[in-house]
Amino acid sequence: MNLGVILGCFSRASLFRNKATVYLCRSLSDVPISSGGSQPSHEEEKPRRTRRAPGKASVLLFPGQGSQYVGMGKGLLKYGNVKEMFAVAEKVLGYDLLSLCLNGPEKDLMKTVHCQPAVFVCSLAAVERLNHENPAAIESCVSAAGFSVGEFAALVFSGAMNFAEALFAVKVRAEAMQKASDLVSSGMLSVIGRPQAKYKYACVQAREHCLSRGIQEPVCAIANYLFPDGRVIAGHKEALDFLQNRSRELNFMRTRLLPVSGAFHTALMETAVEPLGDVLRKIEVRRPEISVHSNVDGKRYMHDKHVRDQLTKQLVSPVKWEQTLHEIYERAQGQEFPHTYEVGPGTQLGSTLQKCNMKAFKNYTHVDVVLPQD
């Protein structure tokens, strides 16, 4: 099904931007556009939100691939637009996403083509839950960020994208990343190192090892900056095996292969850039109404072209999550920290926040995608 047919079927999906609920009826951030960013001429200048005291503001963090699990979404259909979100998702994706989230099977949910849309929709369902339980957290939100595919959910929440269109882009992205992964044996390695560990030099050594084994144009690079001394390295499987076998001499305290199908956020995803770029040019993208931070450099998105450019660049660039957290939470000594809500499956982003900024973590809350049983 092509994009025109998809979007023609979902005129009602615009309610996720226009309806007066959650991330739909939002006023603008108090953060002005910098003089360095160009504002597209077709966008009207809108009034900015009244500045909030840091201690009364909130930040939303959206998780990425790897946080999914069978059972997520249970009990959330009673909130706001959640039932309609899953109905739209079924038509956009061509399969019953709700059933896959609730019942699995796990091997299908873990596939890149399925788990990225699943995390995207369930994270926005968690936003609906937060809006029901604590509407002030939504109204007071001044900033958002998402990890990898979570960035699309953050942009929908911010008003920069329509739900159905963003989901279609996530679908295309996931399929393109899966195809790129199938071209070469590759993966991702979680590494916790000692302070003296030299991650980039370790990658150089791993690439040299691959060359000695006859692998042409080997890839091994840092794919995620998580927290101090916490990295994810991705590349050819041969390179990751080398790092694991030499972990002691490389000053790696702990290594673990991640259950993903490819070397995401490296040059091995190059073939996925064009398909995602094509769909992003066809859908409507607006300047976010709150600060949304890019994985590529941690900086705020400035305008629609900036969003499109960074989302495609993100595929082949490391996720600078540690740097993003520093951008969001940097403040003068003694200034209060905002309330932080991780909306979606898992608590991995809370764990990284705890390691990067303990003071900010004291105001952290996880909004789960499963309701506790009575």
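Below is a summary of the structure that appears in this document. Values in this document were obtained by computation on a predicted structure and should not be read as measured data.

Counting its regular elements, the protein contains 16 helices and 10 strands. Looking at the 374 residues of the protein, the share that counts as buried comes to 57%. Long-range pairs, those at least 24 residues apart, make up 77% of the contacts in the protein between residues at least 6 apart in sequence. Here the protein has roughly 16300 Å² of accessible surface; of this, 49% comes from carbon and sulfur atoms.

All right, on to the layout of surface pockets then. The space that makes up the largest pocket amounts to roughly 750 Å³. Taken together, 31 residues line the largest pocket, and the ones lying closest to its centre are L226, V232, R256, L258 and Q348. Looking at the lining of the largest pocket, the elements with two or more residues in it are β3 (186-193), β4 (220-227), β5 (230-236), β6 (252-257) and α15 (348-356). Looking at the lining of the largest pocket residue by residue, the classes come out as 14 nonpolar, 13 polar and 4 charged.

Here we come to helix α10 (residues 199-212). Because the α-helix completes a turn every 3.6 residues, residues three or four places apart line up on one side. Relative to the 20 Å expected for 14 residues at 1.5 Å per residue, α10 spans 20 Å between its end C-alpha atoms, a close match to the ideal helical length. The complete set of buried residues in α10 reads Y199, A202, C203, A206, H209 and C210. Along the long axis of α10, the arc covered by the buried residues comes to 115°, so they all point the same way. Of the residues in α10, the exposed ones pointing more than 90 degrees away from the buried face are K200, Y201, E208, L211 and S212. Each element contacted by the buried residues of α10 is listed here: β3, β4, β5, α11 (237-245) and β6. G214 sits one or two residues past α10 and shows a positive phi near 90°.

Before going further, it helps to examine the environment of D108. The residue D108 is located in helix α5 (residues 106-109) in this model. Exposure remark for D108: the relative accessible area of 18% places this residue in the buried category. If sequence neighbours within four positions are ignored, D108 has contacts with L100 and H114.

Moving on, we come to the sheet that holds β5. Pairing in this open sheet of 5 strands is mixed, and the strands run β6-β3-β5-β4-β8 from one edge to the other. In this open sheet, the two strands that pair with only one neighbour each are β6 and β8 (319-320). In this fold helix α14 (residues 321-329) packs onto β4, β5 and β8, with an angle of close to 35° to the strand it touches most, β4.

Let us now look at the environment of F62. Note on placement: F62 falls in strand β1 (residues 58-62). F62 sits 57 residues away from V119 along the chain, and the two C-alpha atoms are 8.9 Å apart.

A few words on the pairing of β3. Where burial is concerned, most of β3 is hidden: 8 out of the 8 residues are buried. Neither face of β3 is exposed, since S186, M188, S190 and I192 on one face and G187, L189, V191 and G193 on the opposite face are all buried.

So, about the sheet that holds strand β2 (residues 141-146). Taken in spatial order, the 5 strands line up as β7-β2-β1-β9-β10 in an open sheet, and their pairing is parallel. At either end of the open sheet lies a strand with only one pairing partner, and these are β7 (291-293) and β10 (364-367). Adjacent strand axes in the sheet meet at a mean angle of 20° when their direction is disregarded. Where β1 meets β2, 5 bridges bridge the pair, whose relative direction is parallel. Paired with F62 across the two strands is G146, which belongs to β2. Sitting on the sheet, helix α8 (residues 150-157) touches β1, β2 and β7, and the angle it makes with β2 is about 155°.

In this structure, P105 follows G104 across a cis peptide bond, with omega equal to 10°. Structurally, P105 is set in the loop between α4 (97-103) and α5. Even without being glycine, S148 reaches a positive phi, approximately 60°. For S148, the location among the structural elements is in the loop between β2 and α8. Looking at S148, the relative accessible area reads 8%, which means it is buried. One non-glycine residue, N251, lies in the positive phi region at around 65°. We classify N251 as partly exposed; its relative accessible area is 21%.

With 20 residues, helix α9 (residues 163-182) should cover 28 Å at 1.5 Å per step; its first-to-last C-alpha distance of 29 Å lies within 8% of that length. A distance of 2.9 Å separates the backbone nitrogen of A164 from a side-chain oxygen at the start of α9, and that oxygen is part of N162.

Here we come to the pattern of salt bridges. Inspection of the entire model under this criterion finds 13 salt bridges. For the salt bridge of K171 with E175, the shortest nitrogen-to-oxygen distance reads 3.0 Å. Of this pair, K171 and E175 both sit in helix α9, 4 residues apart, roughly one helical turn. Here E175 falls in the partly exposed class, since its relative accessible area comes to 32%. For the salt bridge of D278 with R281, the shortest nitrogen-to-oxygen distance reads 2.3 Å. Taken as a pair, D278 and R281 lie in helix α12 (residues 270-282) at a separation of 3 residues, close to a single helical turn. Look at R281 and you get exposed, because its relative accessible area is 59%.

Calculation rules
- Residues numbered from 1 in each chain as written.
- Predicted model: local features only at pLDDT ≥ 70, side-chain atom pairs only at ≥ 80, totals over all residues.
- Heavy atoms only, no water.
- Helix = DSSP H or I, 4+ residues; strand = E, 2+ residues; numbered from the N terminus.
- Buried < 20%, exposed > 50% of the residue type's maximum accessible area, 1.4 Å probe, protein only.
- Contact = heavy atoms within 4.5 Å.
- Areas by Shrake-Rupley, 256 points an atom, 1.4 Å probe, with all protein chains shown as cover.
- 1 Å grid on protein atoms, 1.4 Å probe; cavity = no way out; pocket = protein on both sides within 12 Å on 5 of 7 lines; lining within 4 Å.
- Points joined across faces, edges and corners; volume = space filled by probe spheres on them.
- Nonpolar A, V, L, I, M, F, W, Y, C, P; charged D, E, K, R; others polar.
- Expected span 1.5 Å × (residues − 1).
- Arc of directions from axis to C-beta.
- Pairing = 2+ DSSP bridges.
- Axes fitted to C-alpha atoms, helices over the stretch in contact; angles between N-to-C directions.
- Polar contact = N/O pair within 3.5 Å; in protein donor to acceptor, adjacent residues only side chain to side chain.
- Salt bridge = Lys/Arg side-chain N within 4 Å of Asp/Glu carboxyl O.

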